Amino acid sequence: MHWLKQLGVRTIATTGVQRLFMTPFESQVTSLLFHRFFGPGESVSCGRERIRKMCGWLSQKFTVLNADQFADCLPTQEFPERTLLITIDDAHKEVLDVIDVFQQFGISPVVFVPLGWIDSASSQQPEPTLAAMVTLLEHSDDCHWKLEFSNGVCVDLKSQGRLSGIDTIVELCANSEGFTAELRNQLTEFDAKSRDLTSEFCTWHELQSLHQMGVSMGSHSVSHCRMAGHSAGRLRYEFEESRRVLIQRFGTCRLFAYPYGTRDVHDAHTEKLLHAAGYDNAFLVHAGFGLNGKRFALPRVDIPDLELNDRLFRALSVGAQIPLIHSKNVFRKEHRRHPKSDQ
Ligand SMILES: [Zn+2]
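Residues numbered from 1 in each chain as written. Predicted model: local features only at pLDDT ≥ 70, side-chain atom pairs only at ≥ 80, totals over all residues. Heavy atoms only, no water.

**Focus: the pairing of strand 7 (residues 216-219)**
Each regular strand carries side chains that alternate between the two faces of the sheet. Residues Ser216 and Gly218 point to one face of strand 7 and Met217 and Ser219 to the other, with burial holding for every one of them. As judged from the four bridges shared by strand 4 (residues 110-113) and strand 7, these two strands associate in the parallel manner. Looking at strand 7, one finds that Phe112 is bridged to Gly218. (Buried < 20%, exposed > 50% of the residue type's maximum accessible area, 1.4 Å probe, protein only. Helix = DSSP H or I, 4+ residues; strand = E, 2+ residues; numbered from the N terminus. Pairing = 2+ DSSP bridges.)

**Details of helix 5 (residues 95-104)**
Residues Val95, Val98, Ile99, Val101 and Phe102 constitute the buried set of helix 5. An end-on view of helix 5 places all buried positions within 165° of arc, on one side of the element. Summarising the contacts, the buried residues of helix 5 are in contact with helix 3 (44-61), strand 3 (83-89) and helix 12 (204-212). (Arc of directions from axis to C-beta. Contact = heavy atoms within 4.5 Å.)

**Things to note about the coordination of the zinc ion**
Around the zinc ion, the donor atoms from the protein are Asp90 (OD), His220 (NE2) and His224 (NE2), and they sit 2.1 to 2.2 Å away. Donor residues for the zinc ion, ordered by position in the chain, follow D-x129-H-x3-H. Residue Asp90 is located in the loop between strand 3 and helix 5, and its partner His220 is located in the loop between strand 7 and helix 13 (232-250); the two are separated by 130 residues in the primary sequence. Among the residues examined, His220 registers a relative accessible area of 1% and is labelled buried. (Donors = N, O, S within 2.8 Å, 3.2 Å for Na, K, Ca; no water.)

**Side note on unusual backbone geometry**
Phi at Asp90 takes a positive value of approximately 90°, unusual for a residue other than glycine. Even without being glycine, Ala91 reaches a positive phi, approximately 55°. Mapped onto the elements of the fold, Ala91 is located in the loop between strand 3 and helix 5. Assessed through its relative accessible area of 0%, Ala91 is described here as buried.

**Focus: the pairing of strand 3**
When you tally the buried positions in strand 3, you get seven out of seven residues, the bulk of the element. Side chains of strand 3 alternate between two faces, with Thr83, Leu85, Thr87 and Asp89 and Leu84, Ile86 and Ile88 buried alike. Note: strand 1 (residues 29-34) against strand 3, six bridges, orientation parallel. The residue bridging Val29 from the neighbouring strand is Thr83, located in strand 3.

**Comments concerning the pattern of salt bridges**
By the definition in use, this model includes 15 salt bridges. Note that Glu42 and Arg50 form a salt bridge whose closest N and O atoms lie 2.9 Å from each other. With respect to class, Glu42 is no different from Arg50; both count as buried. Residue Glu241 pairs with Arg244 through a salt bridge whose shortest N-O separation is 2.9 Å. (Salt bridge = Lys/Arg side-chain N within 4 Å of Asp/Glu carboxyl O.)

**Some points on helix 15 (residues 310-317)**
Looking only at helix 15, the buried set comprises Phe313, Leu316 and Ser317. For helix 15, the arc enclosing every buried residue in end-on projection is 100°, short of the 170-degree limit, so these residues lie on one face. Elements that come into contact with the buried residues of helix 15 comprise strand 1, helix 3 and strand 10 (301-302). For helix 15, the N-terminal capping position is held by Asn309, with its side-chain oxygen 3.2 Å away from the main-chain nitrogen of Arg311. Just downstream of helix 15, Gly319 is the residue with a positive phi angle, here 95°. (Polar contact = N/O pair within 3.5 Å; in protein donor to acceptor, adjacent residues only side chain to side chain.)

Structure below.
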């Protein structure tokens, strides 16, 4: 049971217990992550009332920054006491039902926008963009696409594998309207499939309205793929194209949030290319409050898509689950290292 002893010591010495009890609340920098705002079966009016109470408590307890204020503080890491940033991933339409409530309390969230889904959801786009097509290929369940281009390149997503196949397509099409048009002609099932995938996301028009209400936009990549493991060309496309479009539409794009946000989607390579693409920082979804100088692996506290009561929401927001999450991680690591020691 040697590992058990180590587990206890490590948990107390190096994990969220330390963050929770040894980092004074006043000096914590808190980023909350929302995806959706209503629990399963919850009515919009009940959900809005719950969010109203939540916002009231947050605005009393924290100094809420907007995306620009947050990004301005990062280089020196000098934040106001009890800093809070509200982040919303994926731009689901539910944000439209609650944004005025946030606004009533002076809270300006940042929405992390997945470019391809928004392109697909926006009917004003005259024809599918490369971003929308790459996103469809990334998330389409039946991977039977076999695509041929006029320069002789053939991409078979089934035999070649999705990851490598899409890398090839991006390499070919990212700088060539001609090849993008050839791809468009071959994806004849595009419309029906993309409608299935994207009906619940905001359109560009809706995001523009949110922006006028003070919401900032950050990048959530082009195709919402797992970043680590992709070629440099694909990563550049995911980082640069999403940023280019957001700057064109909203004037600025300083923040990035990794799709899925787990530690395995981030590595030194993704970090280097994010920096080169012009981002100031990037968020993961691991729980924590300390920045530790890691500007491209910032923590966020994940708020689950459930009808949380006041007490539970408040407990999560101040990090009640962090010791548990870190203990589980330490347990998994120790168990992998000594798989038979508990028999
Ligand atoms: Zn996401």
